[in-house]
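Each chain, written out:
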Amino acid sequence: MEAKLKLILRKPQSLLVLKSAIFAGFLFLLKLGDFGILPILFFLWAVFMMARGAQASFLVFLFVSAALVNILDRPLFLVLALIGSAGLFYLTVGIQELIIIRRPEWLLVRNTFLFYIMFLLFFLADKSSWFLFKYLAVFLAAWLILREWFLPPEDSLVKFIKRPALMALALAFIVLQFLWAVALLPLGPVNSASLMTLIAYILFDFARHHFQGKINRQLVLRHFTIFILLLILIFATTQWGIR
């Protein structure tokens, strides 16, 4: 049995599953420790020991995962958040360490979830205090995510964008303008986050196709159709009211 277990753990995918489960455990311990200074320091030390050479977007992932677990009190939601965080850890480290194949596709999945959680946290936050700090924190996180999104070696974008950091900065600034506008709508946190995630994805995808020289009428029509249908769905599921 011991030999069989060692054989299984030699496989990178199996070891990464174990690391992801351990990460969820450390995140739960951080919750039990009420996010004190010592629990936070231990959590960061343990996580970075498991994910050495982490990229900047990994910090965004750690922050949104910890912040989401911090605000959840219901056991069911907390368990779902821990499972989801373990899945995002698997994707993040797997993409980084080249364990996962088809990296651009899985990076899209990972970043979409990151954007959604990040926007959800923003719309759930109390806007009456530290608004500018929270607003700029979203801008910084969006820039870090978008910057890395343009950098994977498998993605043909790298051949077209000579300054990915500058391009990411421009897109993050546009995202920030939409964030300000959506925050004024009485959509509720969940639907507001859904709308912002949709906007961020479409902006990135248009930029990607632009630098690949693949923007055409069919692409514009497809994105317009998807946007309108999902926008109708978001509005239809909104309980309208003044915040």
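Above this text you will find the structure in question.
Anyway, here's the lowdown on the structure attached to this text. From a predicted model like this one, the values you see are computed outputs, not experimental measurements.

### Some details on the overall build of the chain
At step 1: Assigned secondary structure in the chain consists of ten helices and zero strands.
At step 2: Of the regular secondary structure in the chain, the N- to C-terminal order runs α-α-α-α-α-α-α-α-α-α.
At step 3: For the chain, the proportion of its 243 residues judged to be buried stands at 41%.
At step 4: Restricting to contacts in the chain with at least 6 residues of sequence separation, those with at least 24 account for 69%.
At step 5: Here the chain has roughly 14100 Å² of accessible surface; of this, 72% comes from carbon and sulfur atoms.

### Notes on helix α10 (residues 217–236)
At step 1: Spanning 20 residues, α10 covers 28 Å between terminal C-alpha atoms, matching the ideal 28 Å at 1.5 Å per step.
At step 2: Where α10 is buried, its residues meet α9 (189–212).
At step 3: The N-cap residue of α10 is Asn216: its side-chain oxygen and the backbone nitrogen of Gln218 are 3.2 Å apart.

### A closer look at empty space enclosed by the protein
Leftover empty space is mapped by rolling, across the atoms, a probe with the size of a water molecule.
At step 1: On inspection of all chains with the given rule, the structure shows one cavity of 30 Å³ or more.
At step 2: Taken as a whole, the largest cavity spans an internal volume of roughly 50 Å³.
At step 3: Along the walls of the largest cavity sit Gln55, Ser57, Leu91, Thr92, Ile95, Gln96, Leu107, Arg110 and Glu148, which together make up its complete lining.
At step 4: Mapped by element, the contributors of at least two residues to the lining of the largest cavity are α5 (75–96) and α6 (103–124).
At step 5: Of the residues contributing to the lining of the largest cavity, the split by class is three nonpolar, four polar and two charged.

### Quick look at the nonpolar core
Buried together is how nonpolar side chains tend to be arranged in soluble globular proteins.
At step 1: Membership of the largest hydrophobic core comes to 69 residues, with the highest contact counts inside it found for Phe23, Phe89, Phe115, Phe119 and Leu179.
At step 2: Sort the elements by how many residues they give to this core and α6 lands first, with ten residues.
At step 3: Once you skip the residues sitting within four places of it in the chain, Phe89 turns out to touch Leu16, Lys19, Ser20, Phe23, Val47, Met50, Ala51, Phe58, Phe61 and Gly94.

### What about the environment of Leu44?
At step 1: Among the structural elements, Leu44 can be located in helix α3 (residues 37–50).
At step 2: Leu44 sits in the partly exposed class, given a relative accessible area of 33%.
At step 3: For the pair Leu44 and Phe26, spaced 18 residues apart in sequence, the C-alpha to C-alpha distance is 9.4 Å.

### A short note on the pattern of salt bridges
Two side chains with opposite charge may pair up if their charged atoms get near one another.
At step 1: Summed over all chains, the structure comprises three salt bridges.
At step 2: Among the ionic pairs, Glu148 bridges to Arg110, the shortest N-O distance being 3.2 Å. Remark: Arg110 occurs in helix α6 and Glu148 occurs in helix α7 (residues 131–149); sequence separation between them is 38 residues. Across the pair, Arg110 and Glu148 agree in class, each one buried.
At step 3: The shortest N-O distance in the salt bridge between Asp205 and Arg208 comes to 2.5 Å. Of this pair, Asp205 and Arg208 both sit in helix α9, three residues apart, which is roughly one turn of that helix.
At step 4: Among the residues examined, Asp205 registers a relative accessible area of 3% and is labelled buried.
At step 5: Owing to a relative accessible area of 23%, Arg208 belongs among the partly exposed residues under this scheme.

### Quick notes on a nonpolar patch on the surface
At step 1: Residues Phe28, Leu29, Leu32, Phe42, Trp45 and Met49 make up a contiguous nonpolar surface patch of roughly 630 Å² in combined accessible area.
At step 2: Looking at the nonpolar patch, the elements that each hand over two or more residues are α2 (12–32) and α3.
At step 3: Residue placement: Met49 occurs in helix α3.

Reading guide: rules and limits
- Residues numbered from 1 in each chain as written.
- Predicted model: local features only at pLDDT ≥ 70, side-chain atom pairs only at ≥ 80, totals over all residues.
- Heavy atoms only, no water.
- Helix = DSSP H or I, 4+ residues; strand = E, 2+ residues; numbered from the N terminus.
- Buried < 20%, exposed > 50% of the residue type's maximum accessible area, 1.4 Å probe, protein only.
- Contact = heavy atoms within 4.5 Å.
- Areas by Shrake-Rupley, 256 points an atom, 1.4 Å probe, with all protein chains shown as cover.
- Expected span 1.5 Å × (residues − 1).
- Polar contact = N/O pair within 3.5 Å; in protein donor to acceptor, adjacent residues only side chain to side chain.
- 1 Å grid on protein atoms, 1.4 Å probe; cavity = no way out; pocket = protein on both sides within 12 Å on 5 of 7 lines; lining within 4 Å.
- Points joined across faces, edges and corners; volume = space filled by probe spheres on them.
- Nonpolar A, V, L, I, M, F, W, Y, C, P; charged D, E, K, R; others polar.
- Core = buried A, V, L, I, M, F, W, Y, C linked by side-chain atoms within 4.5 Å.
- Salt bridge = Lys/Arg side-chain N within 4 Å of Asp/Glu carboxyl O.
- Patch = residues over 30% accessible without salt bridge, like charges linked within 9 Å, V, L, I, M, F, W, Y side chains within 5 Å.

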